[in-house]
Amino acid sequence: MAQTDKTLLVVLGDQLSDRLRAFSSFDAVWMAEVLGESKHVWSSKIRTTLFLSAMRHFAEGLRDKGVEIHYRKLGEDPDCESLGESLCSFLEGSDFGRVRVTRPGDHRVLGELKAACLSAGVPLEVVEDDSFYSSAEDFAAHREGRKQLRMEYFYREMRKKHGVLMDADGKPTGGKWNFDASNRKPFGKGGPERLAPRLRFPPDEISREVIQDVDTALTGHPGELSHFDWPVTPSDALRALESFIENELPLFGAYQDAMWSGEPYLSHSLLASSINLKLLDPREVVDAAVAAYESGHAPIESVEGFVRQILGWREFVRGIYGAFMPEYLERNALGAREPLPSFYWDGETEMNCIREVVTQTMKYGYAHHIQRLMVTGLYALLHGVDPKEVHEWYLAVYVDAVEWVELPNTLGMSQYADGGVMASKPYVATGKYIKRMSNYCDGCQYNPDSRTGEDACPFTVLYWDFLNKHRTSLKGNPRMSMQLRNLDRLSQSDLEGIGEAARKIRTK
Ligand SMILES: Cc1cc2nc3c(=O)[nH]c(=O)nc-3n(C[C@H](O)[C@H](O)[C@H](O)COP(=O)(O)OP(=O)(O)OC[C@H]3O[C@@H](n4cnc5c(N)ncnc54)[C@H](O)[C@@H]3O)c2cc1C
Ligand code: SF4
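Residues numbered from 1 in each chain as written. Chains lettered and ligands numbered in written order. Predicted model: local features only at pLDDT ≥ 70, side-chain atom pairs only at ≥ 80, totals over all residues. Heavy atoms only, no water.

Points about unusual backbone geometry
Reasoning step 1: Omega for the peptide link from M325 to P326 comes to 5°, which places this bond in the cis form.
Reasoning step 2: Of note, L266 is a non-glycine position whose phi angle comes to about 45°, a positive value.
Reasoning step 3: Mapped onto the fold, L266 is located in the loop between α9 (249-252) and α10 (272-276).
Reasoning step 4: Not every positive phi belongs to a glycine, and L270 is a case in point at roughly 60°.
Reasoning step 5: As for its placement among the helices and strands, L270 is situated in the loop between α9 and α10.
Reasoning step 6: With a relative accessible area of 7%, L270 lands in the buried category. (Helix = DSSP H or I, 4+ residues; strand = E, 2+ residues; numbered from the N terminus. Buried < 20%, exposed > 50% of the residue type's maximum accessible area, 1.4 Å probe, protein only.)

Here it is as structure tokens:
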């Protein structure tokens, strides 16, 4: 078909905001639900449902505003499994002379869109994503002249640049940049107190239709659909934000790292999926938290801790992804080669902590940061699972999973596969850490204090085995010296016993 000068705006499933700069000029919008996006990793049904439901709601909102929209639902285009194929086939049958897109967060998707436009002979304009505080240039300027990248310093720069929690004299509000020394508390024996019922969002008609479509198209994929109740529109997401600020933020900091059986959400915000899909702007989330501090509703420890996650960690990991992809994906600094144990998909293991976290993950598509880092992530690291398999699991199972944020968190922070780009040392601990921060060990057949014998906790056995195996490469890291000194106290026969127990765990 002869091309005109009309511009087609491509909107991806995690670009659901017409406040993005790319929306400033276009003639029509194109959106597509393609099976390939749920199959390139074995995406859970709940994650796919969230994306598709939010997309259909967004498209409906655009239609109501009179926007011309070309939308392909799941299964409407059976010959095109991938986004690139679907776009290319659409362009070939249309007269659009230009394609515009907000820069995709995911490296793979940008490659697909470029190839599709090239093949259809239509130029592609990539508009920078202005929904973040920082740009690729900001991160490049931060990297300049630094041997090591650390979130804390980037975060301070962001606080100063954007005037967040800063006093008029240029000092950080409350006199400190970081209040974690007052946070990270475990619950007492009685567990969490004062948990208000969470505001949830039962499926409306559109979501119910998506649930049916996904159940049919993704038969056999992991995850349950009977509990789906995530925000799928900007107004839902805003209500979720307001409810979090009102009810949970005051306690967010103190118990941010604590875990408790049967309590998947505790005082966490559950906002990552809404922010990542752009139903919420990170600036409105940070502003709401800061306002809660200024009005005296929430203490500085909680507000600073929360703001750091978004203005610090979220922006920092995006910078890492942009700077180090695509080679980052191939990193495996510790040479880990074990396959991912099957209990990551079904929770069938005697390890109570893993069973709890995997079961809630498959039910709700959610686990909080410490559950991801210090239970499932820690176990995979100690077991020696291939980091790419670990990455694919995290990308598949969480409702907030998009590669630019998931990959540095998994490969870097949790698996140390990037050799220290994200984290200054591997996050390794024995089962005693899980015992201190949760009640999981109370209901477990293993003993976190034990590294030998029938009741030896697999985390504890594998921790010592990990240190012994990587002793040489970790020696140069001053932050590991105390852990390695403790290792030196073990006798040769202790180490042999641990090695044998670790082998048994890995082959079980
Ligand atoms: C192995 C691993 C994989 C992860 N994969 C993802 C992912 O796919 N998508 C994702 O958004 N986060 C990921 N995280 C970071 C973090 O665990 C989640 O953002 C958080 O648990 C989401 O729950 P919440 O919204 O209740 O967060 P809260 O605990 O309430 O935190 C508030 C917000 O801060 C941001 N945030 C917090 N920690 C991080 C972090 N480390 N990196 C980036 N942003 C952060 C999120 O936007 C989050 O909503 C991962 C962490 C680990 C250790
Ligand atoms: S004893 Fe070990 S395996 Fe069992 S819950 Fe505690 S840390 Fe997990």
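Remarks on the nonpolar core
Reasoning step 1: Ranked by size, the top nonpolar core spans 148 residues in total, and within it M31, L249, V307, I354, F459 and L467 carry the most contacts.
Reasoning step 2: The element that contributes the greatest number of residues to this core is helix α12 (residues 300-324), accounting for 12 residues.
Reasoning step 3: Ignoring sequence-local partners within four residues, the contact set of L249 consists of F244, A289, A292, A298, S302, V303 and F306.
Reasoning step 4: W30, A32, F96 and C117 belong to the second-largest nonpolar core, a separate cluster that totals 21 residues. (Core = buried A, V, L, I, M, F, W, Y, C linked by side-chain atoms within 4.5 Å. Contact = heavy atoms within 4.5 Å.)

Observations concerning the domain arrangement of the protein chain
Reasoning step 1: Under the domain assignment used here, the protein chain contains domain 1 (7-127), domain 2 (136-324) and domain 3 (343-507).
Reasoning step 2: On a C-alpha basis, the centroid separation for the pair domain 1 and domain 2 is 27 Å.
Reasoning step 3: At the junction of the two partners, domain 1 supplies 30 residues and domain 2 supplies 30 residues.
Reasoning step 4: Across the interface of domain 1 and domain 2, roughly 2600 Å² is buried in total on both sides, 67% from carbon and sulfur atoms.
Reasoning step 5: When residues of domain 1 are sorted by the area they lose upon contact with domain 2, K45, L50 and H57 head the list and together hold 26% of the total.
Reasoning step 6: One can count 5 salt bridges joining domain 1 with domain 2. (Domains from an automatic or database assignment. Buried area = accessible area lost by both parts, 1.4 Å probe. Salt bridge = Lys/Arg side-chain N within 4 Å of Asp/Glu carboxyl O.)

Description of a negative patch on the surface
Reasoning step 1: Where like charges cluster on the molecular surface, the negative patch consists of E60, D64, D204 and E205.
Reasoning step 2: Structurally, E205 can be placed in helix α7 (residues 205-217). (Patch = residues over 30% accessible without salt bridge, like charges linked within 9 Å, V, L, I, M, F, W, Y side chains within 5 Å. Areas by Shrake-Rupley, 256 points an atom, 1.4 Å probe, with all protein chains shown as cover. Lys, Arg positive; Asp, Glu negative; His and termini not counted. Charge placed at Lys NZ, Arg CZ, Asp CG, Glu CD.)

Things to note about the site of ligand 2
Reasoning step 1: Surrounding ligand 2, one finds M351, C353, G431, I434, Y440, C441, C444, Y446, P448, C457 and F459.
Reasoning step 2: Within the shell around ligand 2, the residues separate by chemical class into 10 nonpolar, 1 polar and no charged. (Near = heavy atom within 4 Å. Nonpolar A, V, L, I, M, F, W, Y, C, P; charged D, E, K, R; others polar.)

With respect to helix α14 (residues 352-364)
Reasoning step 1: Relative to the 18 Å expected for 13 residues at 1.5 Å per residue, α14 spans 18 Å between its end C-alpha atoms, a close match to the ideal helical length.
Reasoning step 2: If you follow the buried residues of α14, they end up packed against α2 (45-64), α13 (343-346), α15 (369-383), α16 (387-397), α18 (431-437) and α19 (458-469).
Reasoning step 3: Downstream of α14 by a residue or two, G365 has a phi angle that is positive, lying close to 70°. (Expected span 1.5 Å × (residues − 1).)

Section: the environment of D287
Reasoning step 1: Structurally, D287 is set in helix α11 (residues 282-294).
Reasoning step 2: Between the C-alpha atom of D287 and that of Y321, which follows or precedes it by 34 residues, the distance is 25 Å.

Comments concerning the sheet that holds strand β1 (residues 7-10)
Reasoning step 1: One open sheet accounts for 5 strands, arranged β3-β2-β1-β4-β5; its pairing is parallel. The open sheet has two edge strands, β3 (69-72) and β5 (124-127), and neither has a second partner. Each adjacent strand pair in this sheet contributes to an overall mean axis angle of 25°, direction not counted.
Reasoning step 2: The sheet contacts of helix α3 (residues 83-92) involve β1, β2 (28-32), β3 and β4 (98-102), and relative to β2 the element is tilted by about 140°. (Pairing = 2+ DSSP bridges. Axes fitted to C-alpha atoms, helices over the stretch in contact; angles between N-to-C directions.)

Considering the site of ligand 1
Reasoning step 1: In the vicinity of ligand 1 lie 29 residues, with H268, S269, L270, N276 and Y366 positioned nearest.
Reasoning step 2: For ligand 1, an oxygen atom lies 3.0 Å from a polar atom in the backbone of L271.
Reasoning step 3: A distance of 2.7 Å separates an oxygen atom of ligand 1 from a polar atom in the side chain of Y366.
Reasoning step 4: Protein coverage of the free-state accessible area of ligand 1, which is 820 Å², stands at 99%.
Reasoning step 5: Counting only elements with at least two residues in the shell around ligand 1, the list comes to α10, α12, α15 and α17 (403-414).
Reasoning step 6: With 6 residues, the top contributor of residues to the shell around ligand 1 is α17. (Polar contact = N/O pair within 3.5 Å; in protein donor to acceptor, adjacent residues only side chain to side chain.)

Re the packing of aromatic side chains
Reasoning step 1: With the rule as written, the count across this model stands at 27 aromatic pairs.
Reasoning step 2: Between F252 and F306, the ring centres sit 5.3 Å apart and the planes meet at 85°, which makes this aromatic pair edge-to-face. Of this pair, F252 sits in helix α9 while F306 is found in helix α12, placing the two residues 54 residues apart along the sequence.
Reasoning step 3: For F252, a relative accessible area of 5% translates into the label buried.
Reasoning step 4: Under the relative-accessibility criterion, F306 is labelled buried at 3%.
Reasoning step 5: Lying over the aromatic face of W230, R200 brings its terminal NZ or CZ to 4.6 Å of the ring centre.
Reasoning step 6: Over the ring of F132 we find R318, and its NZ or CZ is 3.7 Å from the ring centre. (Phe/Tyr/Trp six-rings, centres within 6.5 Å; stacked < 30°, edge-to-face > 60°. Lys NZ or Arg CZ within 6 Å of the ring centre and 35° of its normal.)

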